[in-house]
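Residue strings, one per chain:
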Amino acid sequence: MIWTIVFFSDRVETEISALSAGFVARFIRYAERMEFYGPDLGMPHTRAMGDGLFELRLKAREGIARIFYCTRGGHRIVMLHQFIKKTEKTPAKELLVARKRMKEIENGTNP
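Residue positions are given per chain, counted from 1 along the sequence in the order it is written. Only residues with pLDDT of at least 70 are given local features in this predicted model, and only at 80 or more are side-chain atom pairs given and counted; all residues enter the totals for whole chains, interfaces and linings. Excluding hydrogens and water, the side-chain figures rest on all heavy atoms present in the structure.

**Quick notes on the pattern of salt bridges**
Using the following cut-off: Definition used for salt bridges: Asp or Glu carboxyl oxygen within 4 Å of a side-chain nitrogen of Lys or Arg. Only protein chains enter the accessibility calculation, which uses a 1.4 Å probe; a residue is then buried when its area is under 20% of its type maximum, exposed when over 50%, and partly exposed in between. A run of DSSP states H or I qualifies as a helix once it reaches four residues; a run of E qualifies as a strand once it reaches two. Both are numbered from the N-terminal end.
Scanning the model with the defined rule gives six salt bridges in all. A salt bridge links Glu55 to Arg57; its shortest N-O distance comes to 2.9 Å. Classification of Arg57 as buried rests on a relative accessible area of 18%. In this structure, Glu106 engages Lys103 in a salt bridge whose closest nitrogen and oxygen atoms are separated by 3.7 Å. Separated by three residues within a single helix, Glu106 and Lys103 lie in helix α3 (residues 92–106), roughly one turn from each other.

Okay, here's the thing in structure tokens:
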């Protein structure tokens, strides 16, 4: 089954593209796998965050980054938000941004 990767906005796509080379390389590798195998690559690559929200877990020489995403009909994976992880626990602020964007998609006000 073929999945399509889309972005919540051009800004999200630009932010992901602007990550350091190691993160971008990992993102591209995992995105290609997700397009073929679907949104759940399993740990340590992806993790369910509850209520339909998932995180793509990127680890490179530069550190750790996370990209939140959700799935929508038509086999679409929507990249919602990215951030560089600096603490052990995912900051509530970052999770809130992703959940808010996911809610906008559910309400039909975005992709």
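**Details of α3**
Let me state the cut-off plainly: Every helix has an expected span of 1.5 Å times one less than the residues it contains. This arc is built from the directions going out from the helix axis to the C-beta atoms. In what follows, residue pairs with any heavy atoms lying within 4.5 Å of each other are defined as contacts.
Counted at 1.5 Å a residue, the expected span for α3 with its 15 residues is 21 Å, and the 21 Å between its end C-alpha atoms agrees. What α3 keeps buried is the set Glu94, Leu95, Ala98, Arg101, Met102 and Ile105. Down the axis of α3, the smallest arc covering the buried residues is 130°, so these residues share one side. α3 presents Ala92, Lys93, Leu96 and Lys100 as exposed residues on the side facing more than 90 degrees away from its buried surface. Residues of α3 that are buried in the fold lie against α1 (10–17), β2 (46–50), β3 (53–60), β4 (63–72) and β5 (76–85).

**Some words on the pairing of β4**
Definition in use: Between any two strands, at least two bridges found by DSSP are needed for them to pair.
Note that β3 and β4 share seven bridges and pair antiparallel. When the sheet's bridge partners are listed, Glu55 is paired in β4 with Phe68. Taken together, β3 and the strand that follows it, β4, pair antiparallel across an intervening segment of two residues. Across nine bridges, β4 lies against β5 in antiparallel orientation. From the neighbouring strand, Arg72 faces β5, where its bridge partner is Arg76. Counting the residues between successive antiparallel strands, the hairpin from β4 to β5 contains three residues, one of them, Gly74, with a positive phi of roughly 75°.

**Brief notes about the nonpolar core**
We apply this condition: By nonpolar core we mean a set of buried residues, namely Ala, Val, Leu, Ile, Met, Phe, Trp, Tyr and Cys, connected to one another through side-chain atoms within 4.5 Å.
Phe27, Met34, Leu53, Leu56, Leu58, Met79 and Leu80 are the most contacted members of the largest nonpolar core, which has 33 residues in total. At the level of elements, β1 (4–7), α1, α2 (21–37), β3, β4, β5 and α3 are the ones that each hand at least two residues to this core. If near-sequence neighbours (up to four positions away) are discounted, Leu53 is found in contact with Arg47, Ala48, Phe68, Tyr69, Leu80, Leu95, Ala98, Arg99 and Met102.

**A short note on the environment of Leu95**
Assignment of secondary structure puts Leu95 in helix α3. In this structure, the C-alpha to C-alpha distance between Leu95 and Gln82, residues 13 residues apart in sequence, is 9.9 Å.

**Regarding the pairing of β3**
Of all eight residues that make up β3, seven are buried, and the element is covered over most of its length. Two elements, β2 and β3, share four bridges in a ladder whose sense is antiparallel. Each residue of the ladder has a partner; that of Gly50, found in β3, is Leu53. Taken together, β2 and the strand that follows it, β3, pair antiparallel across an intervening segment of two residues, in which Asp51 is found at a positive phi of about 55°.

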